[in-house]
Structures are given as C-alpha cells and as structure tokens.
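Geometric and topological summary
Spelled out, the chains give:
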Amino acid sequence: PSPSAAPSSSSNKTRNERRAYHAAAVLSDLSTSCLSLASAESPLVPPPTLKSAIDAHLRSLPPRYALNVDSPSEVLVHMRLMSSCRSAPLSCQVHVRQATPPPAPYAKVVTVCCADRRGLLEHVTGLLSTGTGRVLDADVMMSEDGIVLDKFVVAYAGRLRMDRLQTRVNEFLR
C-alpha cells in the first residue's frame, strides 16, 4: 500500500489494544505505588480499603491523569482535595507547591479543585494572570462526577496569595 493510504481496520484495532494495555499497566503501577505510600502514611486503614479508594480515584479521571501526575504523593493530595470538594460542593480547595524543575524563576504548581461551573477556567486563569503572574502551563481535567482538578504552572515575581485565590473562587462558586 502507498504511504498515503489509510491504515487498515486491523492495524487500528491492534494499536488501540496496545494503548489500552499500556494504559492499564500504567494505572496498575501507579495504584500499587500509591497504595505503598498511603499504607505507610495511614497504617490503621486496611490496605483493601485504601486500594479501592485509590482505584476509584484513578478511574474517575481521564486516562491521561495517570500519565501526567508527578508522583504517588501528588495522587494522594488530589484524593484529599477532591474528597473535600465532594463534602462541600460550593467550596474550592487550592494546593501550591514549588515547580520542579522550575520552568521559570519563582514558578509554582497551583492545583485548584472544585465543582465545575460555567466560566470557571476563565475566572481562575484570570486570577492567576493578574499583576505579575503568568500562567505557563495548564492541565485541566474533570472527574466523572463533575469535580474539576486543574493544575497550573504559574510564574510570579511577587508573593502568590493563595488565600485570595481560594476566596475569589469560592465567591465565584456561590
């Protein structure tokens, strides 16, 4: 066949099967790593309970989540943020950490978690881009039950006021 010919149905099926196998392997490895870490942090919680919570969290987000998360500890932070949002649907949770390696001086990773609302992404990006702030990257996703988990890499020359960000997003949600 010529190089411009469309791939056959069987080659697409094979490629999709390989992708599904790879995604399942990544999810399984991440789940195992998270379980080891969570078991060490919470020795009183039975491992089957932790495993089912971790697996439910990973299944609730798009498959690319497992490929883009930086570490098992970040997964556990995200689980806590999302749990807080589920118990208080009109509240926002914000987590900030140093970007490693920093793509720019003073770069931070800002994770915003809350129930989805129309215009939310635009509102949060606007808040992060005010003053000396610049959004360098964004990874935006939503769980199956409508909880937003947005990660922004932000460069700030001044002080990053997360309390104000959280307050303003909470006002937007109400």
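Residues numbered from 1 in each chain as written. Predicted model: local features only at pLDDT ≥ 70, side-chain atom pairs only at ≥ 80, totals over all residues. Heavy atoms only, no water.

Let's shift gears to the environment of Ser-84. Summarising the element assignment, Ser-84 is placed in helix H4 (residues 72-87). Sequence spacing of Ser-84 and Cys-114 is 30 residues, and the spatial spacing of their C-alpha atoms is 8.8 Å. Sequence-distant contacts of Ser-84, that is, excluding residues within four places in its chain, are made with Ser-91 and Gln-93. (Helix = DSSP H or I, 4+ residues; strand = E, 2+ residues; numbered from the N terminus. Contact = heavy atoms within 4.5 Å.)

A few words now on the sheet that holds strand S4 (residues 147-155). Within a beta sheet, neighbouring strands are joined by backbone hydrogen bonds and run either parallel or antiparallel to one another. The 4 strands are arranged S1-S2-S4-S3 in an open sheet whose pairing can be described as antiparallel. The open sheet has two free edges, formed respectively by strand S1 (93-98) and strand S3 (134-142), since each of these has just one partner strand. Mean inter-strand twist for the sheet, computed between neighbouring axes without regard to direction, equals 15°. Pairing geometry for S1 and strand S2 (residues 107-115), over 6 bridges, is antiparallel. Opposite Gln-93, over in S2, you have Cys-113 as the bridge partner. Across the sheet, H4 touches S1, S2 and S4, and the angle it forms with S4 is around 125°. Contacts from helix H6 (residues 162-173) reach S1 and S2 within the one sheet, and its direction differs from that of S2 by about 25°. (Pairing = 2+ DSSP bridges. Axes fitted to C-alpha atoms, helices over the stretch in contact; angles between N-to-C directions.)

Positionally, Gly-131 belongs in the loop between helix H5 (120-128) and S3. A relative accessible area of 76% places Gly-131 in the exposed class. Separated by 60 residues in sequence, Gly-131 and Ser-71 have C-alpha atoms that sit 31 Å apart. (Buried < 20%, exposed > 50% of the residue type's maximum accessible area, 1.4 Å probe, protein only.)

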